[in-house]
Amino acid sequence: MTRKEQEHFIQNAENYERLVNAKLPPGLNADEVLAVMNGRMEQCRIIMEENNAFIDTSLKPIFENPSSLTEDEADMLFDFAWRLHSVPCLDEEGKSVDQFLALTIYKMLAAKAHASRLLERELQCAYIIGEIYHYMSGILFTPDAITTLRQVHKLSRDYLSLKNKKARFFAASAYKALAACLFNYGLYRELFQMADEAFLFYGRKDVRDKDPDFPWEEFENKVRKLFTWVGTHLEFSVQGRKLDGDLVERVYQILFAEFSREEIAVLNGPERKPRFDLICRETEKLKRENGIQLLSYAISAYHTGTISLDRYIDILRDCLKAQFE
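So, here is what we can say about the structure in this document. (Residues numbered from 1 in each chain as written. Predicted model: local features only at pLDDT ≥ 70, side-chain atom pairs only at ≥ 80, totals over all residues. Heavy atoms only, no water.)

Remarks on the packing of helix α2 (residues 30-64) against helix α4 (residues 99-116)
For any two helices packed against each other, the geometry is given by the interaxial angle and the distance between the axes.
Here comes step 1: Put simply, α2 and α4 touch, their axes get as near as 10 Å, and they point 30 degrees apart. Note that α2 runs across α4; the crossing there is left-handed. Along the contact surface, α2 presents I55, L59, I62 and F63, while α4 presents L101, T104, I105 and M108. (Axes fitted to C-alpha atoms, helices over the stretch in contact; angles between N-to-C directions. Helix = DSSP H or I, 4+ residues; strand = E, 2+ residues; numbered from the N terminus. Left-handed = near helix turned anticlockwise from the far one by under 90°. Contact = heavy atoms within 4.5 Å.)

What to know about empty space enclosed by the protein
Unoccupied space between atoms shows up once a probe the size of one water molecule is rolled over them.
Here comes step 1: Inspection of the entire model under this criterion finds one cavity of 30 Å³ or more.
Here comes step 2: There is about 50 Å³ of room inside the largest cavity.
Here comes step 3: Class assignment for the residues of the lining of the largest cavity results in four nonpolar, one polar and three charged. (1 Å grid on protein atoms, 1.4 Å probe; cavity = no way out; pocket = protein on both sides within 12 Å on 5 of 7 lines; lining within 4 Å. Points joined across faces, edges and corners; volume = space filled by probe spheres on them. Nonpolar A, V, L, I, M, F, W, Y, C, P; charged D, E, K, R; others polar.)

Comments concerning unusual backbone geometry
Keep in mind that most residues, glycine aside, have a negative phi and that most peptide bonds are trans.
Here comes step 1: Phi is positive for R117, which is not a glycine, with a value near 60 degrees.
Here comes step 2: Within the element layout of this structure, R117 appears in the loop between α4 and α5 (119-136).
Here comes step 3: The class for R117 is exposed, based on a relative accessible area of 79%. (Buried < 20%, exposed > 50% of the residue type's maximum accessible area, 1.4 Å probe, protein only.)

Topic: the environment of R311
Here comes step 1: Relative to the helices and strands, R311 resides in helix α15 (residues 309-324).
Here comes step 2: Separated by ten residues in sequence, R311 and A301 place their C-alpha atoms 9.9 Å apart.
Here comes step 3: What R311 contacts, discounting residues up to four positions off in sequence, is L267, N268, G269, P270 and R275.
Here comes step 4: Looking at R311, its side chain comes within polar contact range of the main-chain oxygen of N268, at 3.2 Å. (Polar contact = N/O pair within 3.5 Å; in protein donor to acceptor, adjacent residues only side chain to side chain.)

Let's talk about the pattern of salt bridges
Pairs may arise between side chains of opposite charge once their charged atoms sit close together.
Here comes step 1: Tallied over the entire structure, the rule returns 20 salt bridges.
Here comes step 2: Between R45 and E49 there is a salt bridge; the shortest N-O distance is 2.6 Å. Note that R45 and E49 are positioned in helix α2 at a spacing of four residues, about one turn of the helix.
Here comes step 3: By relative accessible area, E49 is classed as partly exposed at 47%.
Here comes step 4: In this structure, E217 engages R208 in a salt bridge whose closest nitrogen and oxygen atoms are separated by 2.7 Å.
Here comes step 5: Bridged by salt links that share partners, the residues R272, R275, R311, D314, R317 and D318 form one connected network. (Salt bridge = Lys/Arg side-chain N within 4 Å of Asp/Glu carboxyl O.)

Looking at a nonpolar patch on the surface
Here comes step 1: The grouping of Y16, V20 and M48 at the surface amounts to a nonpolar patch, some 260 Å² of accessible area in total.
Here comes step 2: Position of V20 among the secondary structure elements: in helix α1 (residues 3-21). (Patch = residues over 30% accessible without salt bridge, like charges linked within 9 Å, V, L, I, M, F, W, Y side chains within 5 Å. Areas by Shrake-Rupley, 256 points an atom, 1.4 Å probe, with all protein chains shown as cover.)

With respect to the side chain of R40
Here comes step 1: When you line up the elements, R40 lands in helix α2.
Here comes step 2: No salt bridge is formed by the buried R40; the nearest opposite charge belongs to E32, separated by 12 Å.
Here comes step 3: Within the local environment of R40, its side chain forms a polar contact with the backbone oxygen of A22, the two atoms lying 3.0 Å apart.
Here comes step 4: Ignoring sequence-local partners within four residues, the contact set of R40 consists of L19, A22, K23, L24 and P25. (Lys, Arg positive; Asp, Glu negative; His and termini not counted.)

Listed below in structure tokens is the structure:
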């Protein structure tokens with residue numbers, strides 16, 4: 001498998017997607033529409049034949065016998081998989097040309113790296129596999145994503161000893177990625193445990209000094225925002241399911257800390273105008289997203305007995321008014 005063959009495969013895949021998604025030129029009659037569509041279908045058929053032939057001749061033999069790969073060949077194959085599907089990393093933007101083929105390659109490379117005890121290569125592959133599972137088909141593959149990202153944590157216990165910067169970036173990113181998967185799957189108690197670990201890790205001076213250019217505050221904020229969304233999900237437990245009292249209290253305490261004592265007094269108080277003015281100001285700070293934080297506070301405050309049902313409805317009404325009117 002040569003780099004020229006890889007380039008041709010990727011170019012074909014990009015052309016295929018362009019052909020499938022391209023709009024028809026305006027002003028065509030029925031015969032012209034059919035001619036354009038038939039021409040595109042023929043181009044797609046040729047592309048599929050060429051790319052399938054590449055997979056059959058260049059990749060399937062490797063999949064059947066991965067132990068035959070040399071380290072240089074494995075490096076080249078990793079680079080190829082990265083070009084097929086990558087995640088945002090440092091100054092690189094993520095892209096996806098063929099995530100399904102990339103997933104197969106990453107899984108094969110992860111198994112080979114594990115057998116060869118190449119920890120950092122296995123860590124990188126495992127992280128990308130977890131991200132692909134996370135976004136590939138919603139909640140269907142979330143358990144696979146959780147299992148894979150947990151493996152990343154095991155591989156990155158000794159963060160400071162990791163020599164590859166991309167491997168360290170993935171190790172740091174895995175905290176927020178795993179927290180997001182736990183949230184998506186409704187494993188809120190595990191989410192809070194992971195969040196505690198994440199905040200401890202992201203706050204370590206030796207870790208930040210090792211990689212001062214990593215977006216540590218962004219990592220922290222992404223984990224913290226999940227608490228807000230957990231608050232909105234608590235409302236779903238009102239009908240037919242018993243609320244987890246410890247979890248509700250934890251959510252309330254976290255969201256309570258986001259506001260000053262004076263702001264809490266206004267939110268919980270009987271006067272609508274100052275409360276609505278506060279909600280409008282907070283909503284404007286982060287546009288619609290912060291309205292969710294205020295709503296989550298109200299939900300958790302109500303379920304902990306801090307505010308009455310009437311006050312909860314008042315805050316809900318004002319949040320909706322501030323966002324949509």
